[in-house]
Amino acid sequence: MQSITVQSVLSPKPHILPTIATCTLSLAGLLLYFFPQTETQSPRHGGESVAEVLRAHGVKFVFTLVGGHISPILVACEKLGIRIVDTRHEATAVFAADAVARLSGTVGVAAVTAGPGLTNTVTAVKNAQMAESPLLLLGGAAATLLQGRGALQDIDQMSLFKPLCKFCASVRSVKDIAITVRKALAIAQSGTPGPVFIEFPIDTLYPFHLVSKEFGVKNPPKGIMGKVVTWYLHNHLKNLFAGAWETRDVSPLPVHIPQATDNQVQKCIELVSRAKKPVILLGSQATLPPTPTDDIRAALESLGIPCFLGGMSRGMLGRNSPLHIRQNRSDALKEADLVLLAGTVCDFRLSYGRVLNRRSRIIAVNRDKTQLLKNSDMFWKPTVAIQGDAGSFLLRLSKGLKGHTCPEDWPQSLKAGDVTKEKANRRKADEKTDRHLNPLSVLHRVDELMADDSIIVADGGDFVGSAAYIMRPRGPLRWLDPGAFGTLGVGGGFALGAKLCRPESELICFVPLSQTPVIALVGNDACWSQIAREQVPILGSNVACGLAFTDYHIVADGYGGKGTLIGREDEDKLDGIIKEAQKETRQGRATLLNVLIGKTNFREGSISV
């Protein structure tokens, strides 16, 4: 904490010494401002108020990279039983909080220090925004009177996070902490979920006696000006702590979740009842609270409509559901006479809506109006557009169509095409690559051996892109990928958050990770293959795409895990190696499988931009 000097207070700053002429406070407000009631002897601090609200909201974890600006928050949380999980980078802390938000149905929380601590989180916060994850970022800040004066790590943090967050606030007095945190948590979960940000100037978090010591005037000038400065600083300090420890409500505020109207649901019931070839495209939004995923699964099975699952909805129908169609999506959409976009967006993943048949009836349900109508002015038009919760809508649709089911020959024909395509993919997995192991074969083996409670964390390019076609999550909320932002580097944080939420589950992560008992699977082809696939044939150069066959397994050993190098000579032992890795993780040790893989044409033509 920095001391206030006379020179800094007297420098030109129009808000430092407000005059009564410009003050719009009431008489009572003026009296409170000039004669604030403050408990100067209390040892309490603002971090306690933060912790009390978080505990009341069921927060179990706070992820952090420690810094002096935020130490009171961390210490207070630990005393109240909230687990503090430290990381080695601020972005990892936010990624971990993101994973907790997705898997737990609560708000994920990360706390980082001021300045560079916060700037290091920008990519992770943007990823959470685009993935629609409810996340609370707590950040330190320079003291209230030192902001804009060149204090350590002082930048305009609010302007940085306003484009990324649904709500941003800077706490200006200790008594405002509780209501600000409660409001932020409610906003994070309401409407379309997303990140929120609160900055805490350091003098709002530490006890009065410490802040008072730092606010002491050093060598005040003689005369009236010295007295004015001394009075102002003392008065500012007392206002900072005025009413700080009065009893306040810390319980959750109401969360607003938009819902379809009865008329909208009824219109959709009529459209679906007349459809001969309906298709459902399920997105991550369908997994959001308040609707349990098991209820959504039951609704989908009752409807009997073939489903394509994306994002967090992967695994919604289990491993081998006759309704889950994994292949030939474009062909199915061309034939479909009705398409239900349940939380799915017509962005690059659906070719901006161009894959939809213009003759199809289209029902779109999304909490976010912008996402609901994305590109509808160009390539597609919704028959019914509903700004509402997709999960709740599916339950109401299923209830309204009770007794009605999709014609059986339609999902059967799509499933037959699915089987044919997957057999072809399996034949590709049996092909020998020029060198090393066939990545498709490795993925098939892992898929067959992974436990039913496994959580898959997908972080990477080409290898993970292939995994999306082959790996089959056994249930809902068992697949984690970055989302629409396509961020590389989420794996460590996601795996950390996921393992804390589901400590009993086997966790397969497509990146290396230390200390957390997971299986990290590295598809090591010594190349950025997802980029090289286009760059080389189009531009004739492999520049910046070529890498080295790095010894990631040795790195894992160095960080306390167990690393294993797997090459073609180990192909016959692969099952045994995977089972040994599973055993190690059950015993609490992280393992990394550094799998040397060759090149295939499996995803030839897939886009990377």
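Residues numbered from 1 in each chain as written. Predicted model: local features only at pLDDT ≥ 70, side-chain atom pairs only at ≥ 80, totals over all residues. Heavy atoms only, no water.

Note: strand β1 (residues 61-65) against strand β2 (residues 83-86), four bridges, orientation parallel. Bridge pairing in β2 places Phe61 opposite Arg83. In this fold, β1 hands off to helix α4 (residues 71-79), which returns the chain to β2; that crossover is right-handed. (Pairing = 2+ DSSP bridges. Helix = DSSP H or I, 4+ residues; strand = E, 2+ residues; numbered from the N terminus. Right-handed = clockwise from strand over helix to strand, strands pointing away.)

This next bit is on the sheet that holds strand β13 (residues 479-480). Pairing is parallel in the open sheet, where six strands are placed in the order β13-β12-β14-β15-β17-β16. Of all the strands in the sheet, the pair left with one neighbour each is β13 and β16 (562-566). Bridge count between strand β12 (residues 455-457) and strand β14 (residues 507-509): three bridges; the pairing is parallel. When the sheet's bridge partners are listed, Val457 is paired in β14 with Cys509.

Per the UniProt record, "domain: Thiamine pyrophosphate enzyme central" (unreviewed entry) is found at residues 265-396. For residues 265-396, the helix share is 30%, the strand share is 17%, and the end-to-end C-alpha distance is 7 Å. (UniProt positions renumbered as here; feature names shortened; annotations may be inferred.)

Turning our eyes to something else, we now look at the environment of Arg297. Here Arg297 lies in helix α13 (residues 293-303). Excluding its chain neighbours within four sequence positions, the residues that come into contact with Arg297 are Met316, Leu317 and Gly318. (Contact = heavy atoms within 4.5 Å.)

Time to look at the pattern of salt bridges. Inspection of every chain in the model, using the stated rule, returns 23 salt bridges. Between Arg44 and Glu52 there is a salt bridge, and its shortest N-O distance comes to 3.1 Å. We classify Arg44 as partly exposed; its relative accessible area is 26%. Given the relative accessible area of 29%, Glu52 is considered partly exposed. A salt bridge links Arg445 to Asp575; the shortest N-O distance between them is 2.8 Å. (Salt bridge = Lys/Arg side-chain N within 4 Å of Asp/Glu carboxyl O. Buried < 20%, exposed > 50% of the residue type's maximum accessible area, 1.4 Å probe, protein only.)

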